[in-house]
Structure formats: structure tokens, C-alpha cells
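# Per-entry structural report
As a plain string of letters, each chain reads:
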Amino acid sequence: MTFYEVTFYVLAVVALLSAILVITCRNPVHSAIFLVLTLLSVALIFLQLQAEFMAAVQIIVYIGGIMVLFLFVIMLVNLDVAVRQAPYNRQRWIAGFAALVLLAEFTLFIYQGRDWAKLPPAAAEAVQPNTELIGRALFQNYILPFEVASLLLLVAMVGAVLMAKQR
Amino acid sequence: MTTLLEILDQPLVLALIRVLIVFTALSLIVAYLVYAERKILAHIQVRLGPMRVGPHGLLQPIADGLKLLLKEDIIPEGADRAVFWLAPAITVLASFTAFSLIPFADNFYVTDVNVGLLFVIAISSLGVLGIILGGWASNSHYPLLGALRSTAQLVSYEVALSFALISAILLAGTLSMNGIVKAQLQQGVWFAFMQPVAFFILFVAAIAETNRNPFDLPEAESELVAGFHTEYSGFRFSLFFLAEYAAMVLVSSIAVTLFLGGWLRPFPNVEWLGFLRFAPVVVFGAAGTWCFLRFFRFPTGREWFWQRLMLFALGAGAAAAALGLLYPPVLVASQGAFWFLAKVFLFLYAFIWFRGTFPRYRFDQLMRLGWHFMIPLAIVNVIFCGVGLVLSWELGWNRSLSLLLASGATLLVAAWLARERS
């Protein structure tokens, strides 16, 4: 195994293990910490794939922004009450069944598509500073969908603020 | 000798050596930054400050560090031990790791990636996790409130900070930290003069990001004891302390790299100012002379023997450094690091100066300033900066003139915003 493979498998195992711990931890703050760990290892996998921009944005947006807000909210709400309320685990048989069906579907389709997924090795010029490429794609080729999406998010945000203020 | 060169030739070894140098120098700077803060604050308040340990208290940081290491490490009852242990580690790691992307000199940086600035922001934004987790894990009211305040403040001012950085990126056309410095060399002007408003926003947001006075609400002594690290003691407390001062050095380094020309000397393109390259010699010579003068005016009793000896040794060391710097290759090699550190120290001095002179904001005032003034101003500044650049690219306007007009327009908006607020 090369150094590249070793780091990939280490990161993948860490990401999966911490993802499992996110949903099995009893303490919501511990869950949040493991979610941070998951996101961080995914960011490092991006970095390993030479997608530096994606890695940096993953850390800035998800860990620096969203996870901090998660932790903020967890601390603000009264956790003792939340823990005593009935969690959604009454449906565990249905959920388990649905998960099995999904797993079977994924296995089937991945098995069927195993030949299409073989990508040719990247050309030498394919690996170039991808920040500029993403910028071009977002602000020149796909400017309209990008702006529509940003407008949608803005409307959702303003709406949320408005609803929170009316209460 | 050849084997040594072969070992040094491996890319990983060189990086490791640089990491070691940066880490050691940074720890030393942080330790003496605390000393400088105590000394400068004392002089602002017409006191002497630390004077006992070593001449003029120069060994005080070492004594303090030993004291903190030997103190009992208390974990409060009911604290979440794992998270309590983890929190200071996250903060320290975040603020020290970000230095691997700062170019200290033309050819001295740990790494230079093409999204360098984004990574610096990303890594330093991890530090807030340590603060919020530390406040929560302490299982105590003051730390929790301090952590909540701190997080709210950091998250809000991070937006303004990032927008201020964007205008520097627009001017430089690259995200690489070294590339930004080189762009300033090429254009022959520090970006602080092209984008004064962005520089101001960055400066204010940097003070808020590092929880410094007048925005030190998260650890306001009169309200919250000590904020998020109230329950921390001994070594863990010193970790938080280290991280806080390292973060100060970090934001100063970012501001210097983006807006004050990084490792460039002032007016790098003006030939006749070339004598400025002898500034390191002058600084070390002056320090050595001062040490010798103090040495002769020091009391001569037996109890002062070691302090006098240390002063003499310091003076001799500074004089030797000044003489060594006269050797041209050494002088050339030391230029970048000298100017970079000089600018960073200027920034740090301003931080300390502010702490000595400004009263503290109230929390709602702080948030209102952030959301109602700094962030809109930062957004407007980015828009006008873009407009100015497009004017110079497409219509062939003078670049400096169009950017100046953009800054003027931003200032008008700022005046309007300020009037709306009052």
C-alpha cells in the first residue's frame, strides 16, 4: 500500500466510525463533536484528491459555521427536558427494514454500474488551481442558476427571521 | 557534510525543520508578548510593571510559565472530563497550525498552497470550537455565558473580517499568501493605501476576533469572572492563554501580509531608500547600547550581580548580532523576516495600546456595531472595490484613482450608516 492509500483508508475509517458515533452517542454535545470529526476527515479526503478549495470551504462553512451554530443551539435549549421526551426510536423495526431495502438497492446499482464507474486516469493538465475553475463555472457559465439559488436562500433566511420576530 | 546535505534535501525534513523553527519562535514571541503587555500597560498607567525577575523583569515569562506548570490541575465536579480536556487542545492546535501558511520572508514559509488564505481562515475558525466546548464542559454558569458571548461575537465579526479580506484578494488576484505579497511588490503599493476602509474593518474585526479590549466581553472581569476559562487552572489554563496570544499574532500576521506588504521593506521599489536595509543593524545596535548604558547605571551591590551580568550578556549579544548583520549575505537573508516581524510587532503594540486606553463596549452595543455597521460597510466596500477594478480594466481608468473613488463612495455610505444608527 502506498502512503496515499494508507492516508485514504485511515481518513475513511475515522469518518465512518465517527459518523456511527454521531448517532449512537447519548450526549448531544458529544454527537456534535463526532460530527465535526466526520466533516474534518471528509475535508481531508477532499484535500487528498487535490480539491483544496472544496476542503477549505468544507471546513469554513460546515465546521466553522454550521457546527458552531449547532453547538450554540444545543447549549441554549434545555437539554434535560429534551432527553426525557420520547425520541423517535419507536419505529426501529420499520427503520431497520427501510435501511435494509436501501442497502440492497445501493448494492445492486453499484454492482450493475461497476464498469461505468471506472474513470480514465486524469490528464496532467486536469490538476490545476481549481479555485479559478470553480469561480469561472459559478460566475460565468452558470451565473443564473447560481444567483437564483442564492436568492432562494436569502428569501428563506429573511422568512425565518420574520417568523421568529412575529412570535 | 554531503550526508547532511542529502538529509536536508528531502522535502519532508526541510518542512519539519521549518515547523520547528516557526513553533519555537512563536512560543517565544507569545511568552514575551505577555511580558510586553504587562510592561506597556504598566507604563501607560505610570507604574513600573514586572521588575524583580531578571533585569527589568526580563525572566518573568519563564517564571510565570514554570508557576503555571507546577500549579494543581483542577477539574470541577460534574465537568465533562473528555471535552474539558479536549477544548484547550483544539484552540491551541487551531491557532498554531494556521502559522504554517504565513510567509515570514521571501523564501521562508512552511508551505504555500494556492488557496492559502482560505486555509488560514478555515483553520483559525476551528479555534472557536475549543472556546464553546470549554465553556460547556466546565459545568458552570460563568464559563457557559462567556462561551455563548464569545461564540456570538466571533461568528458575527468573522463575516466582516472575511469581507475585508475579499477586497485584498480582488486587488491581488490570487489566494496564495506569498502571491499576495508579491502582487504588492509588483503594483508598488501596500493594499492598505488602495483599500483603507477594508483595512480599517479588518483591524476592528481582528480586535473583536481575538477578544481584546474594547471588545473583550467574553472575559469581562466585572461581569463574568474570566469568561469561558473561569474553571480552568494550571497547564490547561496556560494552553488557552497561549492560544489567545498566538491568535493575536496570527491576525496581525494576516493583516500585515494582506494590507501592509508582508515581508517587503517600506517602499520596495524606490532605489534611493535602499539604506533602509540597514534598519536591523540599527535596531540591534540601539538595543545593545541601551543594555550597556543600563549596565553602567545599575546599582553595584552583591545582590545585583546576576542581574548586571545578564544585562551585560544581553548587550553583548545584541552588539554581536548587529555586527553579524553587517555581513552582507546575512543582512540580505534577514531582511524579509525583520520587516515582517517589525510590522507584526507594530500591530501587537496597537492591540496593547488599545487595551490601555479604551473603555469596554456593552454587549448589545458590540453586536449592533457588528451587524448594523461593520458588515453592511464591508459588503458595500467589496461591491465598490469590484466596480472600481472593472472601471480600470474595461474603461482603462487609472487604477489608483478608480479605487480611491470606490473608497470615497464607501465612506459616504459609512457616513449615512452612522447617521441612521444614531
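Scroll up a little and you will see the structure.
Fair warning: this is a prediction, and the values are worked out from it, not measured in the lab. (Residues numbered from 1 in each chain as written. Chains lettered and ligands numbered in written order. Predicted model: local features only at pLDDT ≥ 70, side-chain atom pairs only at ≥ 80, totals over all residues. Heavy atoms only, no water.)

Our next topic: a nonpolar patch on the surface. Residues and elements named next belong to chain A. Side chains of L138, F139, I143, L144 and V148 sit close together on the surface and give an oily, nonpolar patch of about 450 Å² of accessible area. Mapped onto the nonpolar patch, the elements with two or more residues apiece are α6 (130-141) and α7 (143-166). Counting residues per element, the nonpolar patch draws most heavily on α7, which supplies 3 residues. Note that I143 resides in helix α7. On the basis of relative accessible area, I143 is assigned to the partly exposed category, the value being 36%. (Patch = residues over 30% accessible without salt bridge, like charges linked within 9 Å, V, L, I, M, F, W, Y side chains within 5 Å. Areas by Shrake-Rupley, 256 points an atom, 1.4 Å probe, with all protein chains shown as cover. Salt bridge = Lys/Arg side-chain N within 4 Å of Asp/Glu carboxyl O. Helix = DSSP H or I, 4+ residues; strand = E, 2+ residues; numbered from the N terminus. Buried < 20%, exposed > 50% of the residue type's maximum accessible area, 1.4 Å probe, protein only.)

Take the packing of aromatic side chains next. Scanning the model with the defined rule gives 17 aromatic pairs over all chains in all. Look at F8 of chain A and Y9 of chain A: their rings are 5.4 Å apart centre to centre, the planes differ by 70 degrees, and that puts the pair in the edge-to-face class. Assessed through its relative accessible area of 46%, Y9 of chain A is described here as partly exposed. For the pair W190 of chain B and F193 of chain B, a centre-to-centre distance of 6.3 Å together with 20 degrees between the ring planes defines the contact as stacked. Among the aromatic residues, those joined into a cluster by ring pairs are F199, F203, F259, F347, F351, F354 and F358 of chain B. (Phe/Tyr/Trp six-rings, centres within 6.5 Å; stacked < 30°, edge-to-face > 60°.)

It is worth spelling out the interface of chain A and chain B at this point. Listed by partner, the interface residues are 22 residues for chain A and 22 residues for chain B. For the interface between chain A and chain B, the tally reads 0 salt bridges. Run the count over chain A and chain B and you get 0 residue pairs in polar contact (both at pLDDT 80 or more). Listed by contribution, the elements that provide at least two residues to the side of chain A that touches chain B are α2 (28-48) and α3 (52-76) of chain A. By residue number, the principal contributor to the side of chain A that touches chain B is α3 of chain A, which donates 13 residues. Of the residues contributing to the side of chain A that touches chain B, the split by class is 17 nonpolar, 4 polar and 1 charged. (Contact = heavy atoms within 4.5 Å. Polar contact = N/O pair within 3.5 Å; in protein donor to acceptor, adjacent residues only side chain to side chain. Nonpolar A, V, L, I, M, F, W, Y, C, P; charged D, E, K, R; others polar.)

Another point: helix α1 (residues 3-24) of chain A. Residues and elements named next belong to chain A. The first and last C-alpha atoms of α1 sit 32 Å apart over 22 residues, in line with the 32 Å expected at 1.5 Å per residue. Along α1, the residues that are buried comprise L11, A12, A15, S18 and V22. An end-on view of α1 places all buried positions within 145 degrees of arc, on one side of the element. Counted as exposed and oriented over 90 degrees from the buried face of α1: L16, L17 and T24. Against α2 lie the buried residues of α1. (Expected span 1.5 Å × (residues − 1). Arc of directions from axis to C-beta.)

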